Amino acid sequence: MTPIESSLRSSETSMFNVEQIRSDFPILKLKIDDKQLVYFDNAASSQMPKVVMDRMLRYQTMEHANINRAVHYLSETATAEYEKSRHKLKNFINANEDREIIFTSGTTDAINLVAHSYGRKFISSGDEIILTVLEHHSNIVPWQMLAKENGVKIRVVPINDAGELLIDEYKKLFNKNTKLVGVTHVSNAIGTINPIKKMIKFAHAHGVPVLVDGAQAAPHMKIDVQELNCDFYTFSGHKLCGPTGIGILYGKANQLNRMKPFKGGGDMITSVTFEKTIYNTIPHKFEAGTPPIAAAIGFGAAIDYLSSIDLSTIEAYEQSLINYATEQINNIPGIRIIGSAAEKVAVLSFSVDGVHPHDIGTLLNQEGIAVRTGHHCAQPVMQHFKVPATTRASFSFYNSMAEIDTLITGIQKVQKVFL
Amino acid sequence: MITKSLYQEVILDHNRNPRNYGSLDNANRSAEGHNPLCGDHLSIKINLSENLIIDSITFQGESCAICKASASMMTANVKGKTQADAETMIKEFRDMAVGQLEPDDDHHLGRLTVFVGVRDLPTRVKCAILPWHTLHAALNSITTTSTEADDDPMHISIGNAS
Ligand SMILES: Cc1ncc(COP(=O)(O)O)c(C=O)c1O
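Conventions used here
- Residues numbered from 1 in each chain as written.
- Chains lettered and ligands numbered in written order.
- Predicted model: local features only at pLDDT ≥ 70, side-chain atom pairs only at ≥ 80, totals over all residues.
- Heavy atoms only, no water.
- Helix = DSSP H or I, 4+ residues; strand = E, 2+ residues; numbered from the N terminus.
- Rg over C-alpha atoms; globule rule 2.2 N^0.38 Å.
- Contact = heavy atoms within 4.5 Å.
- Lys, Arg positive; Asp, Glu negative; His and termini not counted.
- Charge placed at Lys NZ, Arg CZ, Asp CG, Glu CD.
- Salt bridge = Lys/Arg side-chain N within 4 Å of Asp/Glu carboxyl O.
- Buried area = accessible area lost by both parts, 1.4 Å probe.
- Near = heavy atom within 4 Å.
- Polar contact = N/O pair within 3.5 Å; in protein donor to acceptor, adjacent residues only side chain to side chain.
- Areas by Shrake-Rupley, 256 points an atom, 1.4 Å probe, with all protein chains shown as cover.
- Pairing = 2+ DSSP bridges.
- Axes fitted to C-alpha atoms, helices over the stretch in contact; angles between N-to-C directions.
- Domains from an automatic or database assignment.
- Nonpolar A, V, L, I, M, F, W, Y, C, P; charged D, E, K, R; others polar.
- Phe/Tyr/Trp six-rings, centres within 6.5 Å; stacked < 30°, edge-to-face > 60°.
- Buried < 20%, exposed > 50% of the residue type's maximum accessible area, 1.4 Å probe, protein only.
- Lys NZ or Arg CZ within 6 Å of the ring centre and 35° of its normal.

Caption draft 1: Region of interest: the overall build of chain A. Looking only at helices and strands, one finds 15 helices and 17 strands in chain A. Its C-alpha atoms give chain A a radius of gyration of 22 Å, near enough to 22 Å, the size a compact globule of 419 residues would have. C-alpha atoms of chain A, sized along the principal axes, occupy 75 × 55 × 35 Å. Within chain A, residue pairs in contact and separated by at least 24 positions form 72% of the contacts whose partners lie at least 6 positions apart. For chain A, the distance from the average site of its 41 positive side-chain charges to the average site of its 42 negative ones is 6 Å.

Caption draft 2: Here's a closer look at the pattern of salt bridges. Considering all chains together, one arrives at 26 salt bridges over all chains under this definition. Lys91 of chain B serves as the salt-bridge partner of Asp95 of chain B, at 2.7 Å between the closest nitrogen and oxygen. Of this pair, Asp95 of chain B and Lys91 of chain B are both found in helix 4 (residues 83-97), four residues apart, which corresponds to roughly one turn of the helix. It is possible to trace a salt-bridge network through shared partners that takes in Arg55, Arg58, Glu63, Glu81 and Lys84 of chain A.

Caption draft 3: Representation of the interface of chain B and chain A in the model. Across the boundary between the two partners, chain B contributes 20 residues, which contact 15 residues of chain A. Both sides together, the interface formed by chain B and chain A hides about 1,500 Å², and carbon and sulfur atoms give 55% of it. Our enumeration of links across chain B and chain A arrives at one salt bridge. Measuring nitrogen to oxygen at the nearest pair gives 3.0 Å for the salt bridge that ties Asp359 of chain A to Arg124 of chain B.

Caption draft 4: Geometry of the site of the ligand. Residues and elements named next belong to chain A. The local shell around the ligand consists of Thr107, Thr108, His136, Ser138, Thr184, Asn188, Asp213, Ala215, Gln216, Ser236, His238 and Lys239. Contact between the ligand and Thr107: an oxygen atom at 3.4 Å from a main-chain N or O atom of the residue. One of the side-chain nitrogen or oxygen atoms of His136 is found 3.2 Å away from an oxygen atom of the ligand. Burial of the ligand by the surrounding chains reaches 84%, relative to a free accessible area of 390 Å².

Caption draft 5: Up close: the sheet that holds strand 4 (residues 144-146) of chain B. Residues and elements named next belong to chain B. Pairing within the open sheet is mixed, and its four strands lie in the order 3-2-1-4. Among the strands making up the open sheet, the edge pair consists of strand 3 (54-62) and strand 4. Between one strand axis and the next, the sheet turns by 20° as a mean value, whatever way the strands run. Alignment of strand 2 (residues 40-48) against strand 3, held across eight bridges, turns out to be antiparallel. Bridged to Ser43 within strand 3 is Gln60.

Caption draft 6: Quick look at the domain arrangement of chain A. All names here are of chain A. For chain A, the assigned domains are domain 1 (13-42 + 310-417) and domain 2 (52-308). Inter-centroid distance (C-alpha atoms) of domain 1 to domain 2 is 28 Å. Across the contact, 32 residues belong to domain 1 and 31 residues belong to domain 2. Of the roughly 2,600 Å² buried where domain 1 meets domain 2, counting both sides, 61% is carbon and sulfur surface. For the domain 1 face of the interface with domain 2, the top three residues by lost area are Leu311, Val345 and His384, together amounting to 23%. Our count for the contact surface shared by domain 1 and domain 2 stands at zero salt bridges. Looking at the side of domain 1 that touches domain 2, the elements that each hand over two or more residues are helix 12 (311-330), strand 14 (347-352) and helix 14 (379-384). If you tally residues by element for the side of domain 1 that touches domain 2, the top one is helix 14, at five residues. Residue composition of the side of domain 1 that touches domain 2, by class: 18 nonpolar, seven polar and seven charged.

Caption draft 7: Highlighting the packing of aromatic side chains. Residues and elements named next belong to chain A. Throughout the structure, instances matching the rule amount to 20 aromatic pairs over all chains. Taking 6.2 Å as the distance between ring centres and 85° as the angle between the ring planes, the aromatic pair formed by Phe235 and Phe299 counts as edge-to-face. A residue pair is termed long-range when its members are at least 10 positions apart, and Phe235 in strand 9 (residues 232-236) and Phe299 in helix 11 (residues 293-309) qualify at 64 residues. The pair Phe235 / Phe299 is uniform in exposure class, with both members buried. Pairing Tyr305 with Phe397 gives two aromatic rings, centres 6.5 Å apart and planes at 40°, and the pair type is tilted. You can see Tyr305 sitting in helix 11 and its partner Phe397 sitting in the loop between strand 17 (390-394) and helix 15 (401-417), a full 92 residues away along the chain. The exposure class assigned to Tyr305 is buried, which follows from its relative accessible area of 9%. Over the ring of Phe92 we find Lys222; its NZ or CZ atom is 5.8 Å from the centre of that ring.

Next comes the structure, spelled out in structure tokens:
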């Protein structure tokens, strides 16, 4: 039951020292009932390196106060550090200006912001929005809510059996009523990387703005929003080695300026009387109330950490992981890989003949292996492949080839139990 | 370790060769059960006699091994029992699955105690319970039920299977 010899495995050491990287992440040493943890649920949430934890601890120990409010030392320090994080994120995705980065509680929050502040102002009865089959529920439901409220029509780009968007079909969906395209950069369920640059260009030729859900892309590749020319781009901190409760919405300044506020409250105003309230400028217009300051600063530290490794190195190493895993799993009879796009990130969604994903998940857990089983909040994708659920192993740069061997052996054990 | 004891040979055997699997002609009670969180579904058909005895019972559906084995063993155990006895077992099974009944306590579950391990796996509790849930619905002439329904009399609010 050992994995076969493979030329793909040797690439491990040539790129970077994964053991050294692993030592940055305390949780990777954890044992689950005597079994070494093998964490392959990175698409749901990634783990956090110690430098990020330390940064948040330092903030709470020596820098904490509310931001944007008082003249005292701590408030000024906290405000400066919070804004430094915004600046790091601006550089990370090559935005034009800091004020184009809005801190949100995550991707879901950011998409709801756009659906409200852009959608409810500029999209009304008879208008159409284009989404794709590959969307996470968080880029479907906010638009359905808008559709129901305002009589907006949602049109959906289909996929082929490899799990790739049908771009010709996409183009056919445009008409004079099209008001917005919402597309995920990378599918969380099956890993497909969508050709968003081409899609954005086509949409813009029709005068249609584009929102990109980057939750699954930002952890795996270099993002340049100016090169992509997207109108909105969003991702979550907790999938990028940062904490939960924080994410960003990037928006072009001219779009953000013409949108209406999302939540009302402190910080998003410049003056309030009962007769008239004047809203603050961006980004503050969209950051009502006290934000998760420690999380925002931790997010900035995570960005520093990832940048120190370099996203192109991460991308190349993760590709070697998925190539090796795909080769190994293809050697096991009775396995079907769901999603075989030519361009995909290190996500392996699969089914095992005769074994329900939940049983696979529970039995792999017994080996210390954490995978996700279920519909991955992407039921339209499951419907396309006519499966109720899949098992998904999603890899990160801190995973090793040896861990993939453990997974392969684990899957063979599962098959033996159900023989 | 508890998951080791969950996939015991009895459970694997009932999964491989489910008892009372299929449809039932002239059933006078039936229900469909769904777990929307994982897509599992099963249907139960019963022939309940005039003196409220479960004369025959079958199930059909698509689900994980835990759910299928639970359904198979359940049908084998409630066949020939009165509706009232079946309701007692439904309650006992549910209590066991959520940790409110120990295998050593007084109960009528017999070998069904092999499912006790699910109480330590919150995401799997509903897999084991779905058949019982659906049986309860069928006996009470509720034709569809879901592990997530608001008005669900057996609603268990721990964990979810998504
Ligand atoms: C593609 C995609 N979009 C959106 C989300 C939602 O992210 P969050 O839960 O952090 O708001 C996820 C997370 O699972 C995702 O994978």
